[in-house]
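# Residue-level structural notes
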Amino acid sequence: QRLANLINDFLDLQRMESGRQSYHFSPINLPSLVADIAEQWQDKQKHRVIIHQHAAELWIRADVNRFRQVFDNLISNAIKYSPSADHIDIHLTAHEGKITIAIQDYGLGIPQDANEHMFSKFFRVDNSDRRQIGGTGLGLAIVKEIVEGHRGQISFTSEMGHGTTFRIVMDQYEISGLDG
């Protein structure tokens with residue numbers, strides 16, 4: 001199963017990097033999608049996924065399956081790299097036509113010398129705290145390709161021993177009466 005996942009991730013990434021990935025865009029109410037994804041993670045780990053939002057509807061135009069993949073990768077990482085925490089937070093905010101998605105953990109943090117490599121294929125932070133944590137080193141490269149394929153930006157901030165926050169900024173999609 002792990003080998004199959006690695007091969008699928010690698011093939012996904014190759015398709016994205018070569019520009020052959022097709023996206024099926026549609027309007028998506030982000031809080032609804034995130035709540036559905038978070039529900040799938042509840043009770044699978046000791047971490048709770050807590051969603052903070054200021055509006056019931058925040059719309060983006062995205063490929064729902066690929067955006068699920070983004071959230072699954074980022075939530076999985078947040079849980080894996082915060083072994084002593086009991087929750088992660090997802091913040092959904094809108095400001096001046098942009099939606100920001102912030103996924104925050106309370107874990108190990110990312111050493112500063114790793115920052116420039118975080119979205120590189122097969123890169124994994126290597127120290128004794130992380131050696132037991134599984135993964136292929138492809139998840140963040142895939143996330144970056146998907147986000148950029150949606151004309152979004154991804155970044156992160158991190159403090160060693162206090163956690164990491166990944167932020168995605170997307171254009172807000174305005175729903176008209178015709179979409180409805």
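Here goes a summary of the coordinates provided. Note that the coordinates shown come from a computational prediction; the quantities given were computed from them, not determined experimentally.

### Examining the overall build of the chain
The secondary structure content of the chain amounts to four helices and seven strands. When the elements of the chain are put in sequence order from the N terminus, they spell out α-β-α-β-β-α-β-β-α-β-β. A sequence separation of at least 24 residues applies to 70% of the contacts in the chain between residues at least 6 apart. Taken as a whole, the chain presents about 10,000 Å² of accessible surface, with 47% of it coming from carbon and sulfur.

### Quick word on the environment of Phe67
Tracing the chain through its elements places Phe67 in helix H3 (residues 64-80). Separated by 80 residues in sequence, Phe67 and Val147 have C-alpha atoms that sit 8.1 Å apart. Discounting residues that sit within four places of it in the chain, Phe67 has contacts with Leu33, Ile60, Ala62, Ile101, His150 and Met170.

### Let's talk about the packing of aromatic side chains
Tallying each qualifying case throughout the model produces five aromatic pairs. Geometrically, the ring pair formed by Phe156 and Phe166 is tilted, given 5.3 Å between the ring centres and 35° between the ring planes. Here the residue Phe156 occupies a position in strand E6 (residues 153-159), and Phe166 occupies one in strand E7 (residues 163-171), the gap between them amounting to 10 residues. Using a relative accessible area of 16% as the deciding quantity, one classes Phe156 as buried. Taken together, the aromatic side chains of Phe119, Phe156 and Phe166 make up a single cluster linked through ring pairs.

### A short note on the environment of Gly149
Looking at the secondary structure, you find Gly149 in helix H4 (residues 139-149). When the C-alpha positions of Gly149 and Asp63 are compared, they lie 9.8 Å apart, and in sequence the two are 86 residues distant. With residues near it in sequence (within four places) discarded, Gly149 still touches Tyr23 and Phe25.

### A word on H4
Along H4, the residues classified as buried are Gly139, Leu140, Ala141, Ile142, Val143, Ile146 and Val147. Looking at the residues trailing H4, positive phi occurs at Arg151, about 60°.

### Quick word on the packing of H3 against H4
Running from N to C, H3 and H4 point in directions that differ by 145°, and their axes come no closer than 9 Å. The element H3 and its partner H4 pack so that their crossing is left-handed. Residues Arg66, Gln69, Val70, Asn73, Leu74 and Asn77 of H3 form the contact with H4, whose participating residues are Gly139, Leu140, Ile142, Val143, Ile146 and Val147. The class makeup of the residues in the contact of H3 with H4 is seven nonpolar, four polar and one charged.

### Looking at the pairing of strand E4 (residues 87-95)
The side chains of a regular strand alternate, first on one face of the sheet and then on the other. The sheet contact formed by strand E2 (residues 48-53) and E4 spans six bridges and is parallel. Note on E4: the bridge partner recorded for Gln53 is Leu92. The pairing of E4 with strand E5 (residues 98-104) spans seven bridges and is classified as antiparallel. By the bridge assignment, His95 is partnered in E5 with Lys98. Hairpin connection, E4 to E5: the antiparallel pair is bridged by two residues, and Glu96 has positive phi, about 50°.

### Brief notes about the side chain of Ser82
Considering the arrangement of structural elements, one finds Ser82 in the loop between H3 and E4. Contacts of Ser82, omitting those with residues within four sequence positions, involve His47, Ile88, Asp105, Tyr106 and Gly107.

### Section: the pattern of salt bridges
Going through the model one piece at a time under the given rule, you end up with four salt bridges. Asp36 is the salt-bridge partner of Arg68, the closest N and O atoms lying 2.4 Å from each other. Of the two residues, Arg68 sits in helix H3 while Asp36 sits in helix H2 (residues 30-41), which places them 32 residues apart along the sequence. Overall, the relative accessible area of 33% leaves Asp36 in the partly exposed class. One salt bridge connects Lys144 with Glu148, and the closest N-O pair in it is separated by 2.8 Å. With a gap of four residues between them, Lys144 and Glu148 both fall in helix H4, about one helical turn apart. For Glu148, a relative accessible area of 41% gives the class partly exposed.

Analysis parameters
- Residues numbered from 1 in each chain as written.
- Predicted model: local features only at pLDDT ≥ 70, side-chain atom pairs only at ≥ 80, totals over all residues.
- Heavy atoms only, no water.
- Helix = DSSP H or I, 4+ residues; strand = E, 2+ residues; numbered from the N terminus.
- Contact = heavy atoms within 4.5 Å.
- Areas by Shrake-Rupley, 256 points an atom, 1.4 Å probe, with all protein chains shown as cover.
- Phe/Tyr/Trp six-rings, centres within 6.5 Å; stacked < 30°, edge-to-face > 60°.
- Buried < 20%, exposed > 50% of the residue type's maximum accessible area, 1.4 Å probe, protein only.
- Axes fitted to C-alpha atoms, helices over the stretch in contact; angles between N-to-C directions.
- Left-handed = near helix turned anticlockwise from the far one by under 90°.
- Nonpolar A, V, L, I, M, F, W, Y, C, P; charged D, E, K, R; others polar.
- Pairing = 2+ DSSP bridges.
- Salt bridge = Lys/Arg side-chain N within 4 Å of Asp/Glu carboxyl O.

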